[in-house]
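Read off the chains here:
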Amino acid sequence: MKNLLPANLAALALSGAIIMSSCSKDDKNETPQYNVPSTYSFDNVDYSSATIRVNMMVKLDAYMKKGTTVKLKQDTVNFMFNNTGNPFGDAALDASGLNLAEKTADAVIFKGYMDSVVVASQRNDVQAAEGASGYIPRGTGKIIVGANGNEYGQAALKGMMGGLFFKEAMTILSKIPQDDNNTVVPGQGTAMQHHWDEAFGYLAVPADYDSSRTYTSADANRPLLWGGYLAERGKAIQAGGILFEAFRKGRAAIGAKDYAVRDEAIKTIQRTWERLAAAAALAYVTQPQGSANIGNLGAQFHALSEGHGFIASLKYRAAGSKLSDADYQKLVTIMNTSFYTLVNESGFKSLNEAKDILTKTYSL
């Protein structure tokens, strides 16, 4: 997997198209007019730490996916989560001094999901039943699930997308206004610029991201993790274009010390990224109810496992979220119910409760 960090940001800055910012000189605040580039191309950009962790997670996810045909090793999962013993076979990752564990909120929970994948993989040749892990057919393949039907590999990946990448971005952005924006470190910019860049890195899109483009697995510099879901679940709410523009506009505003625009960009990113997670969760609590999926446990449990992870992501939403704590806890309670119960419940009562909360809260 190619690192998403651009090789030559300076060249991009010179060659990339520039669009004019709507921000102009203000007689009171003396805010200078400045340009917002059409790509994420600025001086002193470095979000390599975010990119490294994204690529680590991609590799860990790829290993967990082997569990349908291979009996996974607990040590390998441990090594990849903690980056010990050169587990990735990639010097840029292995020798980075970074790992997934150190930045993951609720690490015990998400590591537990990974460990459950290892356990379930030992029974990848035994058909699962309520109360017993194993495999369930899905399409022409199969998935491996725990005793409650959860495909823990999906819960782990989507949960980590929340507990690490979304959480880090939301935490960084909430602290941006307190950062120093005067002292420049060559290669990184000011503390405010550097932290903003790190938050952008966790979105995992290329510097020349195009929300109208259809990326494929053949694109070495394609969006990953959250970046991939901008198209898969965020297209209807235009999340890709909105987030990419807000990140570019905010970074340009920081350079010009236009803090009003910066703060508006922060709010836009927080609101839109959370809404993206909610839109994905909504799709996955709705899919099991589709006529084509009723009775198809592989399709139903796969969707619910993804929904489980995306709903977990909402725990790390920014202050001021439209989602109340009570409604969040209701969503968690529903998704922690045995999937066998959820798909056999009359009228999908619990899943429709989750659907209603997400639809009404986020205007989806």
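These remarks concern the structure in this document.

1. Details of the nonpolar core
Grouped together as the largest cluster of nonpolar side chains are 114 residues, with contacts concentrated most on Tyr40, Phe165, Trp196, Trp226 and Trp273. Among the elements that make up this core, the one with the highest residue count is helix H10 (residues 259–286) (14 residues).

2. Some details on the pairing of strand E3 (residues 134–138)
The pairing of E3 with strand E4 (residues 141–145) spans five bridges and is antiparallel. In the strand pairing of E4, Arg138 is matched with Gly141. What sits between E3 and E4 in their antiparallel hairpin is a turn of two residues, with Gly139 showing a positive phi close to 60°.

3. Examining the environment of Asp125
As for its position among the elements, Asp125 is in the loop between helix H5 (107–121) and E3. By relative accessible area, which is 55% here, Asp125 ends up exposed. The spatial distance from the C-alpha of Asp125 to the C-alpha of Val70 is 9.7 Å, given a sequence separation of 55 residues. Not counting chain neighbours up to four residues away, the residues in contact with Asp125 comprise Lys71 and Tyr135.

4. Brief notes about the environment of Leu164
Mapped onto the elements of the fold, Leu164 is located in helix H6 (residues 152–175). Each C-alpha atom of the pair Leu164 and Leu100 lies 7.8 Å from the other, and the pair is 64 residues apart in sequence. Ignoring anything within four residues of it in the chain, the contact list for Leu164 reads Arg53, Leu100, Lys103, Thr104 and Tyr202.

5. Section: unusual backbone geometry
Within the chain, Lys257 stands out as a residue other than glycine whose phi angle is a positive 60°. Counting through the fold element by element, Lys257 comes out in the loop between helix H9 (239–256) and H10. Phi at Ser363 takes a positive value of approximately 50°, unusual for a residue other than glycine. Residue position: Ser363 is located in the segment after helix H14 (349–362).

6. Concerning the packing of H6 against H10
Closest axis-to-axis distance for the H6/H10 pair is 10 Å, and the angle between their directions is 160°. Judged on the interaxial angle alone, H10 and H6 are roughly antiparallel. Between H6 and H10 lies a crossing of left-handed hand. Across the interface between the two elements, Phe165, Phe166, Ala169, Met170, Leu173 and Ser174 of H6 pack against Ile266, Ile269, Gln270, Trp273 and Glu274 of H10.

7. Concerning the pattern of salt bridges
Going through the model one piece at a time under the given rule, you end up with 14 salt bridges. Salt-bridge contacts for Asp106 lead to Lys315; the nearest nitrogen and oxygen are separated by 2.9 Å. Here Lys315 lies in the loop between helix H11 (297–313) and helix H12 (325–335) and Asp106 lies in the loop between helix H4 (91–94) and H5, a separation of 209 residues in the sequence. A relative accessible area of 41% means that Lys315 is categorised as partly exposed. Of the charged contacts in the structure, one is a salt bridge between Lys349 and Glu353, with a shortest N-O distance of 2.7 Å. Of this pair, Lys349 and Glu353 both sit in helix H14, separated by four residues, roughly a single helical turn. What emerges from the salt-bridge pattern is a single network uniting Lys103, Lys167 and Glu168.

Cut-off values and rules
Residues numbered from 1 in each chain as written. Predicted model: local features only at pLDDT ≥ 70, side-chain atom pairs only at ≥ 80, totals over all residues. Heavy atoms only, no water. Core = buried A, V, L, I, M, F, W, Y, C linked by side-chain atoms within 4.5 Å. Buried < 20%, exposed > 50% of the residue type's maximum accessible area, 1.4 Å probe, protein only. Helix = DSSP H or I, 4+ residues; strand = E, 2+ residues; numbered from the N terminus. Pairing = 2+ DSSP bridges. Contact = heavy atoms within 4.5 Å. Axes fitted to C-alpha atoms, helices over the stretch in contact; angles between N-to-C directions. Parallel < 35°, antiparallel > 145°, perpendicular 65-115°, else oblique. Left-handed = near helix turned anticlockwise from the far one by under 90°. Salt bridge = Lys/Arg side-chain N within 4 Å of Asp/Glu carboxyl O.

Function-wise, these values are silent; they only describe arrangement.
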